Amino acid sequence: MGKQSWQNLIDVADIEKNDATPVQFGQQLLAVYDTVDGYFVSNNRCTHAGANLCDGYFDGKNIECPLHQGLFDARTGVAIAAPATRNLQMIKCRVQHGTLQIYI
Ligand code: FES
């Protein structure tokens, strides 16, 4: 296991307002959510069957999976509606000089 550190993910200016933005980070596709409580980052793949969450409906708090309408709280990753039962893996983030960084 490598040591974790802050890494640049995306310029804040490139994050879609009040929406979910897909961002490639190395091998992983991540989702950046501009929520009512600020920015949050998770893995972009639905924990039910792997759909791209950023293609789903986002209301500023919850992201709805486009495939079977499972629902997750984008701020905590908690799965709140079936068929999603496993929580999303969230990644700690912060804004530094206009760049969103993740701790990974
Ligand atoms: S793939 Fe997301 S709810 Fe089924």
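Read on for an overview of the structure. (Residues numbered from 1 in each chain as written. Predicted model: local features only at pLDDT ≥ 70, side-chain atom pairs only at ≥ 80, totals over all residues.)

Concerning the overall build of the protein chain
Then step 1. Of the regular secondary structure elements, the protein chain holds zero helices and eleven strands.
Then step 2. Mapped from its N terminus to its C terminus, the protein chain presents α and β elements in the order β-β-β-β-β-β-β-β-β-β-β.
Then step 3. Along the longest, intermediate and shortest principal axes, the C-alpha atoms of the protein chain span 40 × 35 × 20 Å.
Then step 4. When burial is assessed residue by residue, the protein chain has 30% of its 104 residues classed as buried.
Then step 5. Restricting the contact set of the protein chain to residue pairs at least 6 apart, pairs at least 24 apart contribute 41%. (Helix = DSSP H or I, 4+ residues; strand = E, 2+ residues; numbered from the N terminus. Buried ≥ 20, exposed ≤ 12 C-beta atoms within 10 Å, placed from the backbone. Contact = placed C-beta atoms within 7 Å.)

What about the pairing of strand β10 (residues 93–96)?
Then step 1. Bridging between β10 and strand β11 (residues 99–103) involves four bridges; their strand directions are antiparallel. Of the residues in β11, the one forming a bridge with Q96 is T99.
Then step 2. Counting the residues in the hairpin turn of β10 and β11 gives two residues, including H97, whose phi is positive at 50°. (Pairing = 2+ DSSP bridges.)

Points about the sheet that holds strand β8 (residues 79–81)
Paired through backbone hydrogen bonds, the strands of a sheet run either parallel or antiparallel to each other.
Then step 1. Pairing within the open sheet is antiparallel, and its four strands lie in the order β5-β6-β7-β8. Looking at strand neighbours, the two that pair on one side only are β5 (57–58) and β8, the edges of this open sheet.

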